[in-house]
Amino acid sequence: MIKTRNGDIIVTNEKQNKLLKKLYGCTLGRVVLKTLTAPCISKAAGAFMDSGASKLLIKPFIKRSGIDTSQYIMSGFNSYNDFFTRLVKPGKRPVDYIPEHLISPCDSKLTAHKISKNSIFRIKGSRYRVSDLLQNDFLAKRFCGGYCLIFRLEVDDYHRYCYIDNGTKTENTFIAGELHTVNPIALERYNIYKRNCREYTVLHTENFGDVVQIEVGAMMVGRIVNNHGEARFSRGEEKGRFEFGGSTIVMLFGKDSISIDRDILCNSAEGIETVVKLGEKIGKAGE
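Residues numbered from 1 in each chain as written. Predicted model: local features only at pLDDT ≥ 70, side-chain atom pairs only at ≥ 80, totals over all residues. Heavy atoms only, no water.

### Quick word on the overall build of the protein
Looking only at helices and strands, the protein has ten helices and 19 strands in total. Looking at the protein residue by residue over its 287 residues, the buried ones come to 52%. (Helix = DSSP H or I, 4+ residues; strand = E, 2+ residues; numbered from the N terminus. Buried < 20%, exposed > 50% of the residue type's maximum accessible area, 1.4 Å probe, protein only.)

Below is the structure:
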């Protein structure tokens, strides 16, 4: 289930969910998945989405997904990927610049999960290890007792993401893998945060301490495009973008570094995702 910050329930795409249940719920479907989740297939799809011919897909997609085009700059598209990574109009994603406020890095459906002393967090009763995400035990242990925030983007979301604070960052670390969908249906059968291609960096932030940000690729997402390697950054500055498809950002915060807004915590405890927008407050510094 998905809710807005006002508590309204968002209706999900049942046709898509039925298809995914067939793919992930039977032997034949999982055979098909071996092909669909291969990085080479995603790269091929990405190459087509960069081509001029892919522009034919834009109007049918807008009609099918019900995107509010008034939010975006809708011109100058030479390919579907140009449209997919479209820019919002000035003022449509105001950034909260109050230093102690924690902001969302993107438009997404958010859940918050406490990280136990064993560097484990739970989603829908399943256990996930931070070390599996990072393939780095030493780094994972630094976030024991903190929070894991999962920002799940769907195809109709704004697919650019920003920095949550002022600070500096390390180089990006890429981890190769498969490309499953990030739909919760897939999460029930596979640990997609462990299996999917992903890229992470450590953000040394002014107000929230050291934070790890992980961009996770998904089915038919050929590229995670980060704008910077080792660099200094500012709150609200664009960090990067996802090209074509749904995707996820996972953020790790240390013990006592943040407190999450109550509505998001309550929803997460019930397995409900909360709709958030880039730049909006989702918590604050400190417990």
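### Quick notes on the nonpolar core
Counting residues in hydrophobic clusters, the biggest one holds 42 residues, and the most contacted among them are Leu102, Leu149, Phe151 and Phe253. If you list the elements that add at least two residues to this core, you get α4 (58–65), α5 (80–84), β3 (101–103), β4 (108–114), β7 (147–153), β8 (160–162), β16 (247–253) and β17 (258–260). Among the elements that line this core, the one with the most residues is β7, at four residues. When neighbours within four sequence positions are excluded, Phe151 is seen to be in contact with Ser104, Pro105, Cys106, Ser108, Lys109, Leu110, Ser247, Thr248, Ile249, Met251, Val276 and Ile282. One finds Leu139, Ile175, Val212 and Leu252 within the second-largest nonpolar core, a separate group that totals 19 residues. (Core = buried A, V, L, I, M, F, W, Y, C linked by side-chain atoms within 4.5 Å. Contact = heavy atoms within 4.5 Å.)

### Remarks on unusual backbone geometry
Even without a glycine there, the phi angle at Ser119 is positive, about 60 degrees. Positionally, Ser119 belongs in the loop between β4 and β5 (120–123). By relative accessible area, which is 7% here, Ser119 ends up buried. Although it is not a glycine, Gln135 sits at a positive phi angle of roughly 50 degrees. Within the element layout of this structure, Gln135 appears in the loop between α6 (130–134) and α7 (137–141).

### Focus on the sheet that holds strand β19 (residues 281–285)
If you trace the three strands from one edge of the open sheet to the other, you get β3-β19-β17, paired in antiparallel fashion. Edge positions in the open sheet fall to β3 and β17, since each of these has one partner strand only. Between one strand axis and the next, the sheet turns by 35 degrees as a mean value, whatever way the strands run. As paired elements, β3 and β19 share three bridges and run antiparallel to each other. Bridge pairing links His101 to Lys284 in β19. (Pairing = 2+ DSSP bridges. Axes fitted to C-alpha atoms, helices over the stretch in contact; angles between N-to-C directions.)

### Points about the packing of aromatic side chains
Applying the stated criterion to the full structure yields nine aromatic pairs. Relative to Phe83, the ring of Phe61 has its centre 6.0 Å away and its plane inclined at 75 degrees; by these criteria the two rings are edge-to-face. One end of the pair, Phe61, is in helix α4; the other, Phe83, is in helix α5, and 22 residues separate them in sequence. Taken as a pair, Phe61 and Phe83 share a single burial class, namely buried. Taking 5.2 Å as the distance between ring centres and 50 degrees as the angle between the ring planes, the aromatic pair formed by Tyr161 and Phe242 counts as tilted. Here Tyr161, found in strand β8, pairs with Phe242, found in strand β15 (residues 238–243); they are 81 residues apart in sequence, far enough to count as distant. Side by side, Tyr161 and Phe242 carry an identical accessibility label, which is buried. Clustering of aromatic rings is evident, with ring pairs tying together Phe61, Phe77, Tyr80, Phe83 and Phe84. Geometry around Tyr72 places Arg86 over its ring, the cationic atom sitting 4.3 Å from the centre. Its guanidinium or amino end placed over the ring of Phe83, Arg86 lies 4.6 Å from that ring's centre, counting from NZ or CZ. (Phe/Tyr/Trp six-rings, centres within 6.5 Å; stacked < 30°, edge-to-face > 60°. Lys NZ or Arg CZ within 6 Å of the ring centre and 35° of its normal.)

### Brief notes about the state of the cysteines
One covalent bond between the sulfur atoms of two cysteine residues makes up a disulfide. Within the structure shown, the criterion is met by zero disulfides. The thiol of Cys106 is unpaired, and the distance to the nearest cysteine sulfur, on Cys162, comes to 8.1 Å. Look at Cys106 and you get buried, because its relative accessible area is 0%. (Disulfide = S-S within 2.5 Å.)

### Concerning the pairing of β4
Among the seven residues that make up β4, six are buried, leaving the element largely enclosed by the rest of the structure. One ladder, built from three bridges, connects β4 with strand β18 (residues 273–276); its direction is antiparallel. Bridging from a neighbouring strand, Lys109 pairs with Val275 of β18. Note that β4 and β7 share six bridges and pair antiparallel. If you follow Thr111 over to β7, its bridge partner there is Ile150.

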